[in-house]
Amino acid sequence: MNIFYDNLSEKLYREMPETFVATNKVMLNIEQFHAGQSYVTAKVENRYGDTVKINIQGGTEGIELQETLFNLKGRWPRFAYVMTTIKDTGETLVRKLPVKGVKDWLLVYEDDFFLLAVKDAYDELDIRVID
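This is a predicted model, so every value here is computed, not measured.

Student: Tell me about the overall build of the protein chain, residues and numbers included.
Tutor: The helix and strand inventory of the protein chain stands at 2 helices and 9 strands. Listing every helix and strand of the protein chain by position from the N terminus yields α-β-β-β-β-β-β-β-β-α-β. Taken over the C-alpha trace, the protein chain has a radius of gyration of 14 Å; the compact-globule value for 131 residues is 14 Å, and the two agree within 12%. Across its three principal axes, the protein chain shows a C-alpha extent of roughly 40 × 35 × 25 Å.

Student: Outline the environment of Gln-32, supporting the account with residue identities and numerical values.
Tutor: Residue position: Gln-32 is located in the loop between strand E1 (24-29) and strand E2 (34-35). With sequence-adjacent residues up to four places away left out, Gln-32 is seen in contact with Thr-41 and Ala-42.

Student: Describe the pattern of salt bridges, naming the residues involved and giving the relevant values.
Tutor: Between side chains of opposite charge, a pair can form when the charged atoms approach closely. Throughout the structure, instances matching the rule amount to 11 salt bridges. Its salt-bridge partner being Asp-126, residue Lys-25 comes within 3.6 Å of it at the nearest N-O pair. Taken together, the residues Lys-25 in strand E1 and Asp-126 in strand E9 (residues 124-130) connect sequence positions 101 residues apart. The salt bridge involving Asp-112 is made with Arg-95; its shortest N-O contact spans 2.6 Å. One end of the pair, Asp-112, is in helix H2 (residues 111-118); the other, Arg-95, is in strand E7 (residues 92-103), and 17 residues separate them in sequence. Residues joined in a network through salt bridges with shared partners are Asp-6, Arg-95, Glu-110 and Asp-112.

Student: So, the nonpolar core: which residues are in play, and what are the values?
Tutor: Inside soluble globular proteins, nonpolar side chains tend to come together where they are buried. Counting residues in hydrophobic clusters, the biggest one holds 32 residues, and the most contacted among them are Leu-28, Ile-56, Ile-63, Phe-70, Leu-106, Leu-125 and Ile-127. Residue contributions to this core peak at 4 residues, all from H2. Excluding residues that lie within four positions of it along the chain, Ile-56 makes contacts with Phe-33, Tyr-39, Val-40, Val-108, Phe-113, Phe-114, Ala-117, Tyr-122 and Leu-125.

Student: Outline the pairing of strand E6 (residues 79-85), supporting the account with residue identities and numerical values.
Tutor: Most of E6 is tucked away, with 6 of its 7 residues classed as buried. Here 7 bridges tie E6 to E7, and the two strands are oriented antiparallel to one another. When the bridges of E7 are listed, Ala-80 appears paired with Leu-97. Counted along the chain from E6 to the antiparallel partner E7, the turn is 6 residues long, and its residue Gly-90 has a positive phi close to 75°. The pairing of E6 with E9 spans 5 bridges and is classified as antiparallel. Within the sheet, the bridge partner assigned to Tyr-81 lies in E9 and is Arg-128.

Student: Lay out the sheet that holds E9 with the relevant residues and their values.
Tutor: Within the open sheet, the 9 strands sit side by side as E1-E9-E6-E7-E5-E8-E4-E3-E2. Their pairing is mixed. Whereas interior strands pair on both sides, the edge strands pair on one side only; in this sheet they are E1 and E2. As defined by bridge partners, strand E5 (residues 62-66) adjoins strand E8 (residues 106-109) across 3 bridges and the pair is classed as antiparallel. Bridge pairing in E8 links Ile-63 to Val-108. Where helix H1 (residues 7-15) meets the sheet, it contacts E6 and E7, and its direction lies at approximately 70° from that of E7.

Student: Can you tell me about the side chain of Asn-55, naming the residues and giving the values?
Tutor: Relative to the helices and strands, Asn-55 is located in strand E4 (residues 51-57). Contacts of Asn-55, omitting those with residues within four sequence positions, involve Tyr-39, Val-40, Thr-41, Trp-105, Leu-106, Leu-107 and Val-108.

Calculation rules
- Residues numbered from 1 in each chain as written.
- Predicted model: local features only at pLDDT ≥ 70, side-chain atom pairs only at ≥ 80, totals over all residues.
- Heavy atoms only, no water.
- Helix = DSSP H or I, 4+ residues; strand = E, 2+ residues; numbered from the N terminus.
- Rg over C-alpha atoms; globule rule 2.2 N^0.38 Å.
- Contact = heavy atoms within 4.5 Å.
- Salt bridge = Lys/Arg side-chain N within 4 Å of Asp/Glu carboxyl O.
- Core = buried A, V, L, I, M, F, W, Y, C linked by side-chain atoms within 4.5 Å.
- Buried < 20%, exposed > 50% of the residue type's maximum accessible area, 1.4 Å probe, protein only.
- Pairing = 2+ DSSP bridges.
- Axes fitted to C-alpha atoms, helices over the stretch in contact; angles between N-to-C directions.

Okay, structure coming up:
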């Protein structure tokens, strides 16, 4: 039985730094996804109790961070590891995404995360930001 979604997930999982090495780690619990035409949205609560929106869509891989979810302190991280566990199979999906910027929303651009979100196949995102 394979515990990884694909070979890329297995490779990235093994290279992903432990939590203490990552400059910032966020675990997001997503109650429900809402499908749009070419994107999926969800809402999460930040550390201040404010609601923050997440947008997941396919296309060119990357991530745009949301300031109140990540304690960036003026830093511009190079990339982020995004990980989740698929509900039905228990498989782990991992992607390494370049940081494209900082926005009011958390934006994740990655095809597999988008397609699985449309199917409501996961409900947590573990994001580790690396400088």
